[in-house]
Amino acid sequence: MNAQRELLRIEIEQVEVAKLARMLTSLTTGVPNQTLRFVGQVGGETRYESGTFSSNHMFDPMNPDEGYAPRMAEHLAKIRQEIEADGWVETSQGDQSWALTFVRPEGAAEDN
């Protein structure tokens, strides 16, 4: 494997929403929510973004799981499909189901 090959990692990013919207969501659910999305990053540069989803995991909101973040799995599947369609191949998974790393095979087009 060439040491110069790019790695793409899926990360979670907090999305800023209007203060009023966040307050209303917290009032209706009784739990503070965070709006999150998945991003596919290469060298700190975002190349892919998923749709947003809410996480109400009050103990660790930046480490959501499907039980506290409805639609999380759906958005992960969509961004993963987009990444793989562009020729990236999954090489590893971290401690969380969404902590994925991809590499582009030798000779694959690099359109992104």
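Residues numbered from 1 in each chain as written. Predicted model: local features only at pLDDT ≥ 70, side-chain atom pairs only at ≥ 80, totals over all residues. Heavy atoms only, no water.

### Examining the side chain of S50
Here S50 lies in strand 3 (residues 45-55). The buried category is assigned to S50, whose relative accessible area is 11%. At a separation of 2.8 Å, a polar atom in the side chain of S50 contacts the main-chain amide nitrogen of F38. Among residues more than four places away in sequence, those in contact with S50 are R37, F38, H75 and I79. (Helix = DSSP H or I, 4+ residues; strand = E, 2+ residues; numbered from the N terminus. Buried < 20%, exposed > 50% of the residue type's maximum accessible area, 1.4 Å probe, protein only. Polar contact = N/O pair within 3.5 Å; in protein donor to acceptor, adjacent residues only side chain to side chain. Contact = heavy atoms within 4.5 Å.)

### Describing the pattern of salt bridges
When the charged atoms of two side chains with opposite charge come close together, those side chains can pair. As enumerated under the stated definition, the model contains eight salt bridges in all. Linking E49 and R37 is a salt bridge whose minimum nitrogen-to-oxygen distance equals 3.6 Å. Of the two residues, E49 is situated in strand 3 and R37 in strand 2 (residues 34-42); the sequence distance between them amounts to 12 residues. The salt bridge partner of E84 is R80, with a shortest N-O separation of 3.7 Å. Placement of both E84 and R80 in helix 2 (residues 72-85) is noted, with a separation of four residues, approximately one turn of the helix. Looking at E84, the relative accessible area reads 38%, which means it is partly exposed. (Salt bridge = Lys/Arg side-chain N within 4 Å of Asp/Glu carboxyl O.)

### Re the sheet that holds strand 2
Pairing in this open sheet of five strands is antiparallel, and the strands run 3-2-1-5-4 from one edge to the other. The outermost strands of the open sheet, each flanked by one partner alone, are strand 3 and strand 4 (89-93). Strand-to-strand twist across the sheet, computed as the mean angle between neighbouring axes with direction ignored, equals 25°. Examined bridge by bridge, strand 1 (residues 7-14) and strand 2 share six bridges and lie antiparallel to one another. Note on strand 2: the bridge partner recorded for E11 is V39. Sheet contacts for helix 2: strand 1, strand 2, strand 3, strand 4 and strand 5 (100-103); angle to strand 3, the most-contacted strand, approximately 165°. (Pairing = 2+ DSSP bridges. Axes fitted to C-alpha atoms, helices over the stretch in contact; angles between N-to-C directions.)

### Digging into the confidence of the model for the chain
Residue-level pLDDT values for the chain average 80, and 71% of them are 70 or greater. Put simply, helix 1 (residues 19-29) is where the chain has its lowest mean pLDDT, 53, and strand 5 is where it has its highest, 97. (pLDDT = per-residue confidence, 0-100.)

### With respect to unusual backbone geometry
Residues apart from glycine generally show negative phi values, whereas peptide bonds are mostly found in trans. Phi at R71 is positive, roughly 80°, even though this residue is not glycine. Among the structural elements, R71 can be located in the loop between strand 3 and helix 2. Judged by relative accessible area, which is 44%, R71 ranks as partly exposed.

### Looking at the packing of aromatic side chains
As enumerated under the stated definition, the model contains two aromatic pairs in all. The interplanar angle of 45° and the centroid separation of 6.4 Å between the aromatic rings of F38 and W98 together place this pair among those described as tilted. Remark: W98 occurs in the loop between strand 4 and strand 5 and F38 occurs in strand 2; sequence separation between them is 60 residues. Each residue in the set F38, F53 and W98 is aromatic and connected to the rest through ring pairs, giving one cluster. (Phe/Tyr/Trp six-rings, centres within 6.5 Å; stacked < 30°, edge-to-face > 60°.)

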